[in-house]
Amino acid sequence: MAIEIKKYRKEYYDEWNQFIIESKNGLFFFDRDFMEYHSDRFKDHSLLIFKNNKIAAVLPANESERQIISHGGLTFGSLIVSYAIKASEVLEIFNEIKKYYSDLSFNEIIYKAIPHIFHKYPAEEDLYALFRNDANLFRRDISSVIDLSHPIRFSETKRQLVRKCKENNVRVTENTNFEEYWSLLSSVLQKFDTKPVHTAEEITLLKEKFPENIRLFEANQDGRILAGIVIFDFGNTIHTQYMAASSEGRKAGALDFINHFLLEKFNDRKYYSFGISTENQGKYLNEGLIQQKENMGARGIALDFYSIKL
């Protein structure tokens with residue numbers, strides 16, 4: 001096939017975003033409005049791959065010295081492909097991408113593969129292409145996921161906490177204003193010497209741009225916020241972000257209660273994702289954290305990072 005590679009420019013904004021919608025593994029955070037809210041932190045070097053003058057794939061990517069990272073500002077950033085793409089074509093696209101970046105004197109591509117639970121249709125041709133290109137798997141995180149078609153029930157302890165919240169009139173509501181919850185979240189994270197990746201202003205901006213995809217649910221009792229969870233709605237998969245509870249909320253099991261509520265609310269989806277429980281480039285497993293997720297019925301999938309030398 002006739003392949004042409006072009007670096008992303010503003011003039012491709014509409015074409016890029018439309019392709020993400022129509023692709024078999026595109027996600028809303030590959031939309032240029034999401035990718036560019038922190039454009040000051042990352043030097044974009046994303047690619048559009050054309051086949052016979054039509055977009056066949058795109059690669060969200062940024063430069064970091066002599067590295068290309070797909071993508072430094074996102075959880076992952078694989079090759080996004082059309083439904084029509086075939087395995088042999090993906091192999092050819094990988095070759096062309098390597099040549100393109102190599103000709104510009106980059107020496108490595110860091111590739112963060114999209115887990116299959118986020119695909120709209122099977123899309124692991126890239127994993128085969130990585131193997132064929134001698135890519136090195138240098139990091140693997142474990143993330144916890146519930147299969148909503150066959151969920152494992154909560155542990156007895158967590159079921160008791162859910163019942164207790166119901167008896168004590170704890171209510172779960174959706175809030176479109178993130179300010180008050182972000183104050184609680186920040187104070188909780190501060191105890192661990194960290195802070196939210198997004199500021200309150202940034203998450204509010206993203207909420208305004210993606211109101212159906214980014215949603216905040218809070219557990220309240222007598223007008224007090226006990227806990228909250230931000231979800232990213234990817235269609236087939238609901239992914240939880242930014243879970244936090246006050247000391248009162250932790251005693252009440254308010255986070256368990258919100259998760260129970262959300263599992264019932266979104267039981268028509270395929271997967272419910274809690275995110276990773278690993279640190280230090282995947283080398284350390286936070287056993288207490290993953291146990292909390294496993295006690296809600298979640299089990300593990302891998303998030304893989306590859307290095308392709310150029």
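Higher on the page you've got the structure.
Residues numbered from 1 in each chain as written. Predicted model: local features only at pLDDT ≥ 70, side-chain atom pairs only at ≥ 80, totals over all residues. Heavy atoms only, no water.

A. Representation of the nonpolar core in the model. By size, the foremost hydrophobic cluster in this structure holds 44 residues, and its most contacted members are Phe29, Phe34, Tyr181, Trp182, Ile214 and Val230. If one sorts the elements of this core by residue count, helix H6 (residues 179-190) sits on top with six residues. Not counting residues within four places of it along the chain, the set of residues in contact with Ile214 comprises Phe28, Phe34, Phe178, Ile203, Leu206, Lys207, Val230, Ile231 and Phe232. Ranked by size, the runner-up nonpolar core spans 27 residues in total, among them Ala56, Leu59, Ile85 and Ile97. (Core = buried A, V, L, I, M, F, W, Y, C linked by side-chain atoms within 4.5 Å. Buried < 20%, exposed > 50% of the residue type's maximum accessible area, 1.4 Å probe, protein only. Helix = DSSP H or I, 4+ residues; strand = E, 2+ residues; numbered from the N terminus. Contact = heavy atoms within 4.5 Å.)

B. How the structure looks around helix H4 (residues 125-132). Glu125, Asp126, Ala129 and Leu130 are the residues of H4 that are buried. Looking straight down H4, one finds its buried side chains confined to an arc of 140°; they lie on one side. Each element contacted by the buried residues of H4 is listed here: helix H3 (87-103), strand S8 (108-112) and strand S17 (299-309). Following H4 by one or two positions, Asp134 has its phi on the positive side, about 55°. (Arc of directions from axis to C-beta.)

C. Here's a closer look at the packing of aromatic side chains. Scanning all chains against the criterion turns up 29 aromatic pairs. Between Phe217 and Phe266, the ring centres sit 6.4 Å apart and the planes meet at 85°, which makes this aromatic pair edge-to-face. With a gap of 49 residues between them, Phe217 in strand S11 (residues 214-221) and Phe266 in the loop between helix H9 (254-265) and strand S14 (271-276) connect regions that are remote in the sequence. Phe217 gets classed as buried once you look at its relative accessible area, which sits at 2%. The buried category is assigned to Phe266, whose relative accessible area is 4%. Look at Phe232 and Phe234: their rings are 6.2 Å apart centre to centre, the planes differ by 80°, and that puts the pair in the edge-to-face class. Neither residue differs from the other here; Phe232 and Phe234 are each classed as buried. By way of ring pairs, the aromatic residues Phe28, Phe29, Phe30, Phe34, Tyr37, Phe76, Phe118, Phe210, Phe232 and Phe234 are connected into one cluster. Sitting over the ring of Tyr8, Arg32 keeps its end group 3.7 Å from the ring centre. Over the aromatic face of Phe266 sits the side chain of Lys265, whose NZ or CZ is 5.7 Å from the ring centroid. (Phe/Tyr/Trp six-rings, centres within 6.5 Å; stacked < 30°, edge-to-face > 60°. Lys NZ or Arg CZ within 6 Å of the ring centre and 35° of its normal.)

D. Representation of the sheet that holds strand S3 (residues 47-51) in the model. Spatially, the four strands line up as an open sheet ordered S1-S3-S4-S7, and their pairing is antiparallel. This sheet does not close on itself; its edge strands, each paired only once, are strand S1 (3-7) and strand S7 (80-81). Alignment of S1 against S3, held across five bridges, turns out to be antiparallel. Paired with Lys7 across the strands is Leu47, a residue of S3. Sheet strands touched by helix H1 (residues 13-22): S3, strand S4 (54-59) and S7. Its angle to S4, the strand with the most contacts, is close to 85°. Its contacts with the sheet place H3 against S1, S3 and S4, and it is angled at close to 45° to S1. (Pairing = 2+ DSSP bridges. Axes fitted to C-alpha atoms, helices over the stretch in contact; angles between N-to-C directions.)

E. Geometry of the pairing of S17. In terms of strand pairing, S8 meets S17 through five bridges, oriented antiparallel. In the sheet register, Glu108 faces S17, and the bridge partner there is Lys309. Strand direction decides the pairing type here: strand S9 (residues 136-147) and S17, joined by nine bridges, are antiparallel. Bridge pairing in S17 links Ser144 to Gly300.

F. Quick look at the environment of Ser23. Within the fold, Ser23 resides in the loop between H1 and helix H2 (32-35). The buried category is assigned to Ser23, whose relative accessible area is 0%. Spatially, the C-alpha atom of Ser23 lies 13 Å from that of Pro60, the residues being 37 residues apart in sequence. When residues no more than four places from it in sequence are discounted, the contact partners of Ser23 are Ile80, Val81, Tyr83 and Lys120. At 2.9 Å, the side chain of Ser23 and the backbone oxygen of Ile20 are in polar contact. Here the side chain of Ser23 touches Gly26 through a polar contact of 2.9 Å, landing on its backbone nitrogen. (Polar contact = N/O pair within 3.5 Å; in protein donor to acceptor, adjacent residues only side chain to side chain.)

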